[in-house]
Each structure stands twice: as C-alpha cells, then as structure tokens.
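Examining the three-dimensional arrangement
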Amino acid sequence: MTFSVLPQPRAFRVLSDAPVFRLTYLCNLRALPEAADAEADLTAFLEKVFEMDAPIGSGREYLYLNIDRSLPDPEGYRLTVEKNKVTVTGADESGVFWGVQTLKQLLLQGELELPAMEIDDAPRFAHRAFMLDICRHFFTPDAIKRFLDAMALHKLNVLHLHLSDDQGWRVEIYSRLLLAQIGGFRADPAYGGKPYGGFLSKADVADLVAYAAARHIRIVPEIDMPGHSIAAIAAYPFLSCSGKERSVTSRVGIHRDILCAGKESTYEFVFSVLDEICEMFPSGMIHIGGDEVPLQHWTQCPDCQKRIRDLGLADEKALYEAFMRRVAEHLRQRGQRVFAWHNKELSPSFGDEIVLHHWNRPPQTQAPFIDANWLVYYLDHSHGTLPLKTCYAYEPTENGKTPIGLEACLWTEFVATMEKAGFQVFPRLGAFCETAWSIRENKDYDRFLAKLPAYERLLQTLPMTFAGRRAANPNALTRARMALKEWGNWVKGFLRKT
Ligand code: ACM
Ligand code: ZN
C-alpha cells in the first residue's frame, strides 16, 4: 500500500511496510481545547465516511491532537504514526487543523490502518485563496459550504466571495434593502425570461462565516465598484451618472453604466454598504473590485467633470484613482485590509493601501500583490484552454516578483450548477494547492498524476464532481473543440438582449 498526500508535504517519510496503527471507535482521542476544530472535523469525517461513532477511549490506541507553539512555521504541523499512537502537533490552531486534513487522506487510503510515518509540513504562501463568483449564477449557502469543505481538504485558507456584479447583487444589506430584493434577480433569457437569482441573508452570512472559521478559512467579501455595478444601479438608479432606470442584466462582459464618481451620494451609499459588509464579515479583509471600468459616462457627466475640476485631477483616469483611494481610506480607517483587481488600463501602484490581485498582467512594481493569473488560475476556462498540466506547471515567482499569495477563481457566467462547478474546479484546484502550499522543490507533475485516484476518492467523500484525468488533459482535437465551445458561449453571452 502506498500513501500520498495532496498538497505534497515538505517532508514525508513512511517508515514501515506493515500497519502499526488501526483506528477504531475504541481509540483514545486526546485533543487540546485549542484543537477542538480539528477534533470536530476529524470525528465528523469518521462518522460520515466510515460510519464510526466518536471514539470512546477504552482501547490501546492513542490519537493526540496537540499544539506546540515552538514549531517554527505558522500553520505548520508535524504528524507521526508509531505503534498504536498517532500524534498531530500544530504550530498553532490552524496547523493542527491542516495536520488533520492530512490524516484524513491517510486514513481514507489505508482504510483506517496506517504504517509508521513522519510528516513535517508548513505552507509556502500565507494567503491561499479560492474565489467564487455567486453573481453570474447564484450558489446557495449549502453549495458554498461544500466548497469550504473542499478548500479545507486543499489547505486553502481564504474564500473570496464575489458578491456583486452586473448580473446580480447577492447579499442582504439592511440599510439598502432593494439591493438584494431588486438587484438579486434578473429576467434571464436562459431561464425563459423568468426571474433568476437569490441572495445571502444576514443569517446565511453569519452561518457561513462560522462554518468557514471552524475550517480555519477567512472570508473576503467583494463588492465590485465602480464598474460591474448594474445590479446596484437597477435597485438605486441615482448611483449612475444618468440616473436612468434600468434592469439587472443577463448580458455578460463589460457594461458602460457604472457608479457616478462625481456625486457625493454615491460615496455615502458605498460607505454605508461597506460598513455593513465589514460588520458581517469579521476577517478584516475586503475587496472593492475596481476591474473593467469604461470611462465614457464619466466623460459626459457634469458631476464627474465637476469633481475632476474641484480635485484638480488630470482626467477620468485620475478620477478612478481618487475614487479607489477614497473608498480604500474609508475602509482602512475601520481596520480593513483592502484588496482590488489590478486594472491594466487604470491602476496606478496603490502601494500598501490597496493590495492588487493581478489577473491579466504581471505586476510591474514591488508592492505586495496576489497572483490570480487568468491564464492558469481562472478555473472556469475549459479544460481545452487550460489543461491540468498547464495549471500545475505555473510558477508564480518566474517573472521576478513574489506574491504574498495565490488565488484560483471560478467565474460563473457559464457555470450554473454544482456538477459543472466541480467539473471545472477539480482536479485543477489540486494542482493549484500544490503551488500555493507545497515548496517549489516538491512539485512533481508525474507524482501529482499518480495521486489522482486517491484524490478523486477524497473528493467523492464530500461529494464533489471532478474532471477525470483524460477530461482534464484533453488531446489536441478535443482541446480545440472545447476552446471553440468556450468562445461560442462568450459570443452568445455578449449578444444577450437584457
Ligand atoms: C476580472 O476577471 N474581471 C477580474
Ligand atoms: Zn458621474
């Protein structure tokens, strides 16, 4: 029996051929109070996958979940299997939780029997994120929880939730109820023109935040602005330059109607919404979008032009910068770390003020950034345009700059169901986590491929769909066909009327 762990641990030594430990419900499970999350996660896994009752502690085997704060790396852990004894020791609460994720993989592969082994492990990047777009298609709290469960197995620690866009506003805001009530629904031709949508209530958010925290995952909410704001404008038309009424759109792509950066009422609105968002999501991190902002309406808007003059700005591009800085400053005063998408036409270097997610252009400055390279980490790309091997092979430091973290993204313009979402995301998220967590020297594509059967079995425990090995690395003809279909979807999406 061979054992594998995904993402690859820093050091992994199997020390015996025969099993030396067998986990039964008689086992003595001894967890420190600080390891309660890890203990709960392990016992829930044993119950779900092996139908095992919580260990009662009358047998010879011992399983320890400990914390040793003298271990050198944050989130690191050490896992040892000796005769009748398993010990998982975290450097902190997260470390022991990640150690248990490794243990779950091993127990599944060994059907509860383990040989002697030693694992020393710690993450390469501190910020290991997955972004889920619940705007283009809505994903329910239960679906989001399934992604959180999957993220935990991949040792990813940040869920970036894309909560607002042209096609839907997806979170309840008490001070602006119409955002969700009107902005949360669209008449979508793909659904026969019937209202399509949904949103997270405050109770849903509180539940998700707690669910994520128990898995050592922080949620970064994103309210996208000043572009990608049609759903907000549909609810509150005064937010746009023209103030004209309009409906939530089903058309994908970039829309010219954006938030007016001239009127003070826009800033009041944005601040009140963001203040509520900060209360709901306690991660201390927030994303303010900033991507794909066409400036035509600002050019024609008396309010935007007046603000440009009043602030002594050069042009609309400078107004974009002033808008982003003002919103970021409001949030920074409330203790938030602010993120935004890099905007290749408009972004200056925001330095530390706004940490940029680089998606369609590598960074030119030394400012801290997140690498969300769309060529390799946009998992909505078909397996034809982004084969597994390409996703795996990408090395984020190769352009000479080291990000503070990595992010894999699932945009959902053409992903309407969990089945499709799983097919897009897995096994590419496995490839991604082996760059986000494992050290570079430990990346080995052939070894990764050999792990896929065990990985697929792990995903089935959630359950989660995935692309099989052949589907994830299609041949040239299938690649071309998939890429063509992908472009066809975009063209159809662009041409939608509403
Ligand atoms: C993006 O893909 N528009 C960030
Ligand atoms: Zn304006």
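Everything that follows concerns the structure shown earlier in this document.
Throughout what follows, the structure given in this document is the object of discussion. (Residues numbered from 1 in each chain as written. Chains lettered and ligands numbered in written order. Predicted model: local features only at pLDDT ≥ 70, side-chain atom pairs only at ≥ 80, totals over all residues. Heavy atoms only, no water.)

Phe130, Leu132, Ile144, Phe147, Leu159, Ile288 and Leu429 are the most contacted members of the largest nonpolar core, which totals 143 residues. Top contributing element to this core by residue count: helix H7 (residues 264-280), with nine residues. (Core = buried A, V, L, I, M, F, W, Y, C linked by side-chain atoms within 4.5 Å. Buried < 20%, exposed > 50% of the residue type's maximum accessible area, 1.4 Å probe, protein only. Helix = DSSP H or I, 4+ residues; strand = E, 2+ residues; numbered from the N terminus.)

Turning next to the pairing of strand E7 (residues 127-133). With seven of seven residues buried, E7 lies mostly within the body of the structure. Residue alternation in E7 divides its side chains into two sets, His127, Ala129, Met131 and Asp133 and Arg128, Phe130 and Leu132, and both sets are buried. Across six bridges, E7 lies against strand E18 (residues 405-410) in parallel orientation. Within E18, the residue paired with alanine 129 across the bridge is glutamate 407. When E7 meets strand E8 (residues 158-162), the two strands line up parallel, connected through five bridges. Bridging across to E8, leucine 132 finds its partner in leucine 161. You can see the chain leave E7, run along helix H3 (residues 141-153) and come back into E8, and the turn it takes is right-handed. (Pairing = 2+ DSSP bridges. Right-handed = clockwise from strand over helix to strand, strands pointing away.)

For a metal with four tetrahedral donors the ideal donor-metal-donor angle is 109.5 degrees, while six octahedral donors give ideal angles of 90 or 180 degrees. Protein-derived ligands of the zinc ion (ligand 2) are Cys241 (SG), Cys260 (SG), Cys301 (SG) and Cys304 (SG), with the metal-ligand distances lying across 2.3 Å. Taken in chain order, the donor set of the zinc ion (ligand 2) reads C-x18-C-x40-C-x2-C. On the criterion of sequence distance, the pair formed by cysteine 241 in the loop between helix H6 (230-235) and H7 and cysteine 301 in the loop between helix H8 (296-300) and helix H9 (302-310) is long-range, its members being 60 residues apart. As far as burial versus exposure is concerned, cysteine 241 and cysteine 301 are alike and both buried. (Donors = N, O, S within 2.8 Å, 3.2 Å for Na, K, Ca; no water.)

In spatial order, the strands read E1-E6-E4-E5-E3-E2; together these six strands make up an open sheet with mixed pairing. Sheet topology places strand E1 (11-22) and strand E2 (28-31) at the edges, where each strand pairs with a single neighbour. Here the strands of the sheet are splayed against their neighbours by 15° on average, with no regard to which way each runs. In this sheet, strand E6 (residues 113-121) lies alongside E1 in antiparallel orientation, the contact comprising seven bridges. Bridging from a neighbouring strand, arginine 22 pairs with glutamate 113 of E6. This element, helix H2 (residues 93-109), spans E1, strand E3 (62-67), strand E4 (77-82), strand E5 (85-90) and E6 of the sheet and lies at about 40° to E4. (Axes fitted to C-alpha atoms, helices over the stretch in contact; angles between N-to-C directions. Contact = heavy atoms within 4.5 Å.)

Turning our eyes to something else, we now look at the sheet that holds strand E13 (residues 218-225). The strand order E7-E8-E13-E14-E15-E16-E17-E18 describes a closed barrel built from eight strands, whose pairing is parallel. Ignoring strand direction, the axes of neighbouring strands in this sheet form an average angle of 30°. Along the sheet face, H7 touches E13 and strand E14 (285-289) and points at about 170° away from the line of E13.

This part takes up a nonpolar patch on the surface. A cluster of nonpolar side chains, contributed by Tyr25, Leu26 and Ile56, occupies part of the molecular surface with about 280 Å² of accessible area. Structurally, leucine 26 is set in the loop between E1 and E2. Overall, leucine 26 belongs to the partly exposed group, its relative accessible area being 31%. (Patch = residues over 30% accessible without salt bridge, like charges linked within 9 Å, V, L, I, M, F, W, Y side chains within 5 Å. Areas by Shrake-Rupley, 256 points an atom, 1.4 Å probe, with all protein chains shown as cover. Salt bridge = Lys/Arg side-chain N within 4 Å of Asp/Glu carboxyl O.)

Quick look at the packing of H3 against helix H13 (residues 418-425) now. At a minimum axis separation of 12 Å, H3 and H13 run at an interaxial angle of 20°. When the axis of H3 is compared with that of H13, the two are roughly parallel. Relative to H13, the crossing made by H3 is right-handed. Facing H3, whose interface residues are Ala143, Arg146 and Phe147, H13 presents Met418, Ala421 and Val425. The residue makeup of the contact of H3 with H13, split by class, is five nonpolar, no polar and one charged. (Parallel < 35°, antiparallel > 145°, perpendicular 65-115°, else oblique. Left-handed = near helix turned anticlockwise from the far one by under 90°. Nonpolar A, V, L, I, M, F, W, Y, C, P; charged D, E, K, R; others polar.)

Considering the arrangement of structural elements, one finds arginine 176 in the loop between strand E10 (168-169) and helix H4 (178-181). A polar atom in the side chain of arginine 176 sits 3.2 Å from the side chain of serine 272. Leave out the neighbours within four places in its chain, and arginine 176 touches Tyr236, Phe238, Glu268, Phe269, Ser272 and Val273. (Polar contact = N/O pair within 3.5 Å; in protein donor to acceptor, adjacent residues only side chain to side chain.)

With that settled, the discussion passes to empty space enclosed by the protein. As enumerated under the stated definition, the model contains two cavities of 30 Å³ or more in all. One number sums up the size of the largest cavity: a volume of about 90 Å³. Trp169, Ile223, Ala232, Leu259 and Phe269 are, among the 13 residues lining the largest cavity, the residues nearest its centre. Contributions of two or more residues to the lining of the largest cavity are made by E13 and H7. Along the lines of polarity and charge, the residues of the lining of the largest cavity split into nine nonpolar, three polar and one charged. Taken together, Ser4, Leu6, Gln105, Gln109, Lys451, Ala454, Tyr455 and Leu458 form the lining of the second largest cavity. Those elements giving two or more residues to the lining of the second largest cavity turn out to be H2 and helix H15 (445-460). In terms of residue count, the dominant contributor to the lining of the second largest cavity is H15 (four residues). Here the lining of the second largest cavity is composed, by residue class, of four nonpolar, three polar and one charged. (1 Å grid on protein atoms, 1.4 Å probe; cavity = no way out; pocket = protein on both sides within 12 Å on 5 of 7 lines; lining within 4 Å. Points joined across faces, edges and corners; volume = space filled by probe spheres on them.)

Read these as layout, nothing more, since geometry by itself doesn't imply function.
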